[in-house]
Amino acid sequence: MHKKAKGHLEIELFLEKEILLCKITDDGIGRKKAAELKSKSASMNKSMGMRITADRLANLQHQRQNNTYISVTDVVLPDGSTGGTEVLMKIPVCYD
């Protein structure tokens, strides 16, 4: 959102030993810089995407008592600069 150049979003879905993996990677400005800009902004808009996703995974884990997992990591380029964000979700496959 705050990047001047056109950004890229990569979404990968794959199955690994009965676990659905969803990896989402962007080449944005990174979470730290985004938080800095957000703190300087007077915007009242609050993003709920990560919280909603975490709540859904927690509900899945509670209902089925299985191991769901989500991680959010900053992508670091070889020169040490921020290269975006990567989100990895692991959701056990359930065949009903």
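Report on the accompanying structure. Given the structure is predicted, the values throughout are model-derived calculations rather than measurements.

What counts as what
Residues numbered from 1 in each chain as written. Predicted model: local features only at pLDDT ≥ 70, side-chain atom pairs only at ≥ 80, totals over all residues. Heavy atoms only, no water. Helix = DSSP H or I, 4+ residues; strand = E, 2+ residues; numbered from the N terminus. Buried < 20%, exposed > 50% of the residue type's maximum accessible area, 1.4 Å probe, protein only. Contact = heavy atoms within 4.5 Å. Pairing = 2+ DSSP bridges. Axes fitted to C-alpha atoms, helices over the stretch in contact; angles between N-to-C directions. Phe/Tyr/Trp six-rings, centres within 6.5 Å; stacked < 30°, edge-to-face > 60°. Lys NZ or Arg CZ within 6 Å of the ring centre and 35° of its normal. Patch = residues over 30% accessible without salt bridge, like charges linked within 9 Å, V, L, I, M, F, W, Y side chains within 5 Å. Areas by Shrake-Rupley, 256 points an atom, 1.4 Å probe, with all protein chains shown as cover. Salt bridge = Lys/Arg side-chain N within 4 Å of Asp/Glu carboxyl O.

## Some remarks on the environment of His8
Within the secondary structure layout, His8 lies in the segment before β1 (9–16). Since its relative accessible area comes to 56%, His8 is described here as exposed. Along the sequence, His8 and Asp27 sit 19 residues apart, while their C-alpha atoms lie 5.8 Å from each other. Discounting chain neighbours no more than four positions away, the residues touching His8 are Thr25, Asp26 and Asp27.

## Considerations on unusual backbone geometry
Positioned with a positive phi, Lys17 is a non-glycine residue whose angle comes to about 50°. Inspection of the secondary structure puts Lys17 in the loop between β1 and β2 (19–26). One non-glycine residue, Glu18, adopts positive backbone phi at about 65°. In this fold, Glu18 is placed in the loop between β1 and β2.

## Regarding the sheet that holds strand β4 (residues 82–92)
Judged by pairing direction, the sheet is antiparallel, and its four strands sit side by side in the order β1-β2-β4-β3 without closing on themselves. A single partner strand is all that each edge strand has here, and the edge strands are β1 and β3 (69–76). On average, adjacent strands in this sheet sit at an angle of 15° to one another, irrespective of strand direction. Here β2 pairs with β4 via eight bridges, running antiparallel. By the bridge assignment, Ile24 is partnered in β4 with Val87.

## What to know about the packing of aromatic side chains
Counting across every chain of the model gives zero aromatic pairs. Note that Lys90 overlies the ring of Tyr69, its terminal NZ or CZ placed 5.4 Å from the centroid.

## Here's the deal with a nonpolar patch on the surface
Together, Leu9, Ile11, Leu13, Leu15, Leu20 and Tyr95 make up a nonpolar patch on the protein surface, roughly 680 Å² of accessible area in all. Checked against the element boundaries, Leu13 lands in strand β1. Overall, the relative accessible area of 59% leaves Leu13 in the exposed class.

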